[in-house]
Amino acid sequence: MSGDAAHRKVALVTGANKGIGRGVAGQLADLGMTVLIGARDPQRGEEAAEALRAAGADAHAVALDVTDQAAARAAAERIEERFGRLDVLVNNAGITGSGQVSPQDAHDQVPSSVDLDMVRRVFETNVFGVIAVTNAMLPLLRRSPAPRIVNVSSHAASLALTSDLHGPFATLLPSAAYSPSKSAVTALTVQYANELRKDGILVNAAAPGYVDTDSNNHTGFLTVAQGAEVVVRLATLGADGPTAGFFGADGPLPW
Ligand code: NAP
C-alpha cells in the first residue's frame, strides 16, 4: 500500500457492481475513500471497479456473495491482508424476489399466496446476508477510529407508512417478502446499534427512495446518484452523529 493509500478511509459496499451500491461506491471514492466493490460475480465486480478506477477512484473488487458465510469470512481475510482495517460497511446487496418488478407491484408477493421458498430467498439475501457480512467485517471495523455501518433499507420497511390507509403507500400491493425483509433490516440496525454504541460504531438504516435501477425495471424516478446520497451521508457521519436511526433523503423516517 502506498503512503497516500494508507491514509485513505476504506469502505466496503456489498452489491456494488451496479445500481445504488455502485453509485454509493462512486460517491465515497469522490470523497477520497478507497472503495471495495463487493460483488457475487467476480467479473462484474472487476468491471465495475475498473470503470471507477478509470474515473479516478481507488477501487478494488472483492468477491462476496452475501448469502455465503464462508465467502464473507474469506472476503474479510483478504481485506485484512491488503488494507488491515475497514472504516465503512454499506450493506447494500438486496433482491426483490420478484425479478425486475417493483416489489410493491409484484402480485407474487401477496401474503396469502406467496411462495415460501421465494420469501426464504429474499430473507437469505436481504436479512441473513446483513448479519453474515456485518459479523465477518466487525473485527476489521473495530480497528477504525470512526467505524460506520449503513444498512440499505426502504420506505417499504416502515410499518407506520405501510399501515397508513391514507398515506402514499396505501395503493401498493401487500408484500410478504420484500417489505418484511426490509423491516427486519431496520430492526437489526437498531439491535446492532445498541450493541455497538459503546464502541463508537454508528449503525443506521437508509431508505434511498424509488430509484431507477434494474431491481424495478427502471421505473424509479430518482437517479442512482440521488438515491445514494442518504447512504453516503450516513457512511460519513461525524462522532456526534446519530446511531440506531432510520433515514430518508429528507431526514428521519417513522418505524
Ligand atoms: P440492483 O440494481 O438490482 O442492485 C442490487 C445489487 O445487489 C447488485 O449488485 C446485485 O448483484 C447485488 N446482489 C444481489 N444478491 C446478492 C448476493 N447474494 N450477494 C451479493 N450481491 C448481491 O438494485 P438496487 O435498486 O440498486 O438495490 C440496491 C439496494 O437498494 C437493495 O438493498 C434494494 O433493496 C435497496 N432499495 C432499492 C430501491 C430502488 O428503488 N431501487 C428502493 C429502496 C431500497 P448482481 O448484479 O450479481 O445481481
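For the structure, check the block above.
In this report, we go over the structure that sits alongside the text. (Residues numbered from 1 in each chain as written. Predicted model: local features only at pLDDT ≥ 70, side-chain atom pairs only at ≥ 80, totals over all residues. Heavy atoms only, no water.)

## Some words on the overall build of the chain
Check the secondary structure of the chain and you find eight helices and eight strands. Its C-alpha radius of gyration of 17 Å places the chain within 12% of the 18 Å reference for a compact globule of 255 residues. Taking the principal axes of the C-alpha coordinates as reference, the chain spans close to 55 × 40 × 30 Å. For the chain, the proportion of its 255 residues judged to be buried stands at 53%. (Helix = DSSP H or I, 4+ residues; strand = E, 2+ residues; numbered from the N terminus. Rg over C-alpha atoms; globule rule 2.2 N^0.38 Å. Buried < 20%, exposed > 50% of the residue type's maximum accessible area, 1.4 Å probe, protein only.)

## Topic: the nonpolar core
The biggest cluster of nonpolar side chains holds 36 residues, and the ones touching the most others in it are Leu12, Leu36, Ile79, Leu86, Met137 and Ile149. Elements with a minimum of two residues in this core: β1 (10-13), α4 (69-83), α5 (116-141) and α7 (178-196). A per-element tally of this core places α5 first, with 11 residues. Not counting residues up to four positions away in its chain, the partners in contact with Met137 are Leu12, Ala72, Ala75, Ala76, Ile79, Leu86 and Leu89. Counting 31 residues, the second largest nonpolar core, distinct from the first, contains Ala25, Ala48, Ala57 and Val211. (Core = buried A, V, L, I, M, F, W, Y, C linked by side-chain atoms within 4.5 Å. Contact = heavy atoms within 4.5 Å.)

## Comments concerning the packing of aromatic side chains
In total, this model carries three aromatic pairs according to the counting rule given. Between the aromatic rings of Tyr210 and Phe221, the centroid separation amounts to 5.6 Å while the plane-to-plane angle is 75°, which identifies the pairing as edge-to-face. You can see Tyr210 sitting in the loop between β6 (202-206) and α8 (224-235) and its partner Phe221 sitting in the loop between β6 and α8, a full 11 residues away along the chain. (Phe/Tyr/Trp six-rings, centres within 6.5 Å; stacked < 30°, edge-to-face > 60°.)

## Here's the deal with the pattern of salt bridges
Here the structure, examined in full by the defined rule, presents 10 salt bridges. One salt bridge connects Arg85 with Asp87, and the closest N-O pair in it is separated by 3.0 Å. Asp87 shares its class with Arg85; the two are buried. Linked through salt bridges whose partners overlap, the residues forming this network are Glu46, Glu50 and Arg53. (Salt bridge = Lys/Arg side-chain N within 4 Å of Asp/Glu carboxyl O.)

## Points about the sheet that holds strand β8 (residues 251-252)
Taking strand neighbours across the sheet as the criterion, the eight strands line up as β3-β2-β1-β4-β5-β6-β7-β8 in an open arrangement whose pairing is mixed. Of all strands in the sheet, those with a lone pairing partner are β3 (58-63) and β8, marking the two edges. Where α5 meets the sheet, it contacts β1, β4 (88-91) and β5 (148-152), and its direction lies at approximately 175° from that of β4. Where α8 meets the sheet, its contacts fall on β4, β5, β6 and β7 (245-248), and the angle it forms with β5 comes to roughly 155°. (Pairing = 2+ DSSP bridges. Axes fitted to C-alpha atoms, helices over the stretch in contact; angles between N-to-C directions.)

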